[in-house]
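# Architecture and fold: a report
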Amino acid sequence: MLAVGKAAWRMAQAAQQALGKQISAGLVVTKYGHREGPLDGIEIIEAGHPVPDENSVRAAQRALLLTQNLTAQDTVLLLISGGGSALFELPRIELDELQHITQRLLASGADITEINTVRKRLSAVKGGRLAAHCAPAHVEALLLSDVLGDKPDTIASGLSAVDATAGDSALPIAERYKLPLSTQARACLAQPLPQALPHVHNRVIGGVSILCRHAAEACAALGYRVEILTESLCCTARDAGIFLANIAQHYAGRGEKRAFLAGGETVVRLTGHGKGGRNQELALAAAEGLRGLAGAAVFSVGSDGTDGPTDAAGGYVDGSTYDTLRAQGISIPQVLADNDAYHALRACGGLIVTGATGTNVNDLSVLLIEN
């Protein structure tokens, strides 16, 4: 059993409870702070996210050792969740160059499919290469999706799946975002990935649609009339926040409790040097549009409990947030320009802090209207 991702510990625990001694050996690779205790007979490695580190490399090396010399009578249970792209890595270039490329992509506003298209070609374990290493053993892969469309070749950069763009080069993406590339990295981006993995069975067992459905049920139980706007939110965080505030302006004051939900993953373009994450930026961007609206609130959270490189899952704003911050001399436009939503939300009590949740199925943004 090999479990990789932010939900790896919980998935491995469930598998161990279900399979018991059928698991002959195991490895869990998860984010720092996501380990919830020992698992009998299972090695656990915590590693870096969203940028890979030395422990990410050590984890991949241990996994390859665990799965070497398998036979057709063996089965590898591969449990994959979001975050695996950084947590589990064996780079085909120098680690420091990969780290720099990853940081540049994350800051550029590139979407997760573009980022992973580049990362899998620079890796010796992604783009189906880990699964290929396990042959001829059967690989049963269960995936929790944190990407739009629930594509196995994008989740954790496709540890177990043939890449949908296997015949294409990733060089156009690198050129679009002006990535500085060594000669070796440029060669890797131009090379093809494995074309077929007949010994692998991929099954997506959870994703943002389930998150939205359960959120809708929770809102309905509280008396809200619920509308799921989308399960594939994909735009800048600021645009999403402004859009939810515009909806609030249209429906507030009509005497009806309404809940509008959006699941997906927005992007942030870094223009400053502050602290925050896409969910915090989305919430704060809604504050000006909510100003003065009684009974209207927007909150947005990452389902894994961490939003960007912070200890918060996301943020909350309502009709009073804008004036509360202005009274403290805090300008929301300036804060957003510096990508410093974390400190602004902390100043007005708007940070949502849950700790690690043990899962990872994208983000949830919610507009609530009380009347």
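Residues numbered from 1 in each chain as written. Predicted model: local features only at pLDDT ≥ 70, side-chain atom pairs only at ≥ 80, totals over all residues. Heavy atoms only, no water.

## Points about the pattern of salt bridges
Counting across every chain of the model gives 17 salt bridges. Lys-6 is the salt-bridge partner of Asp-304, the closest N and O atoms lying 2.4 Å from each other. With Asp-304 in the loop between β9 (296–302) and β10 (314–318) and Lys-6 in the loop between β1 (2–4) and α1 (8–19), the pair connects residues that are 298 residues apart, well separated along the chain. Given a relative accessible area of 3%, Asp-304 falls into the buried group. The closest approach of N and O atoms between Glu-114 and Arg-176, which form a salt bridge, is 2.6 Å. (Salt bridge = Lys/Arg side-chain N within 4 Å of Asp/Glu carboxyl O. Helix = DSSP H or I, 4+ residues; strand = E, 2+ residues; numbered from the N terminus. Buried < 20%, exposed > 50% of the residue type's maximum accessible area, 1.4 Å probe, protein only.)

## Focus on the packing of aromatic side chains
Inspection of the entire model under this criterion finds 1 aromatic pair. Seen from their ring centres, Tyr-251 and Phe-260 are 5.0 Å apart, and the 40° between their planes marks the pair as tilted. Residue class for Tyr-251 comes out partly exposed when judged on its relative accessible area of 22%. Positioned above the aromatic ring of Tyr-251, the side-chain terminus of Arg-258 is 4.6 Å from the ring centre. Positioned over the ring face of Tyr-342 is Lys-275, at 4.2 Å from the centre of the ring. (Phe/Tyr/Trp six-rings, centres within 6.5 Å; stacked < 30°, edge-to-face > 60°. Lys NZ or Arg CZ within 6 Å of the ring centre and 35° of its normal.)

## Some remarks on the pairing of strand β12 (residues 363–369)
Among the 7 residues of β12, 7 are classified as buried, and the element is accordingly described as predominantly covered. Of the two faces of β12, the one carrying Asp-363, Ser-365, Leu-367 and Ile-369 and the one carrying Leu-364, Val-366 and Leu-368 are both buried. Bridge count between strand β8 (residues 258–264) and β12: 7 bridges; the pairing is antiparallel. Within β12, the position partnered with Leu-261 by the bridge is Val-366. In the sheet, β9 pairs with β12 via 7 bridges, with the strands oriented antiparallel. (Pairing = 2+ DSSP bridges.)

## Quick look at the pairing of strand β7 (residues 225–233)
Of the pairings in the sheet, the one linking β7 to β8 comprises 6 bridges and is parallel in character. Among the inter-strand pairings, Glu-227 is bridged to a residue of β8, identified as Phe-260. Once you follow β7 into helix α10 (residues 237–251) and on to β8, the crossover reads as right-handed. (Right-handed = clockwise from strand over helix to strand, strands pointing away.)

## Some remarks on unusual backbone geometry
Generally, phi is negative for residues other than glycine and the peptide bonds are trans, each holding for most cases. Pro-50 follows His-49 through a cis peptide bond whose omega is 10°. When you line up the elements, Pro-50 lands in the loop between β3 (42–47) and α2 (54–66). Pro-136 follows Ala-135 through a cis peptide bond whose omega is 10°. The residue Pro-136 is located in the loop between α6 (129–134) and β5 (138–144) in this model. Even without being a glycine, Ser-157 presents a positive backbone phi close to 60°. When you line up the elements, Ser-157 lands in the loop between β5 and α7 (171–176). On the accessibility criterion, Ser-157 (0% relative accessible area) is buried. A positive phi angle, close to 50°, is found at Lys-178, a residue other than glycine. Within the secondary structure, Lys-178 is located in the loop between α7 and α8 (183–190). With relative accessibility at 64%, the residue Lys-178 sits in the exposed group.

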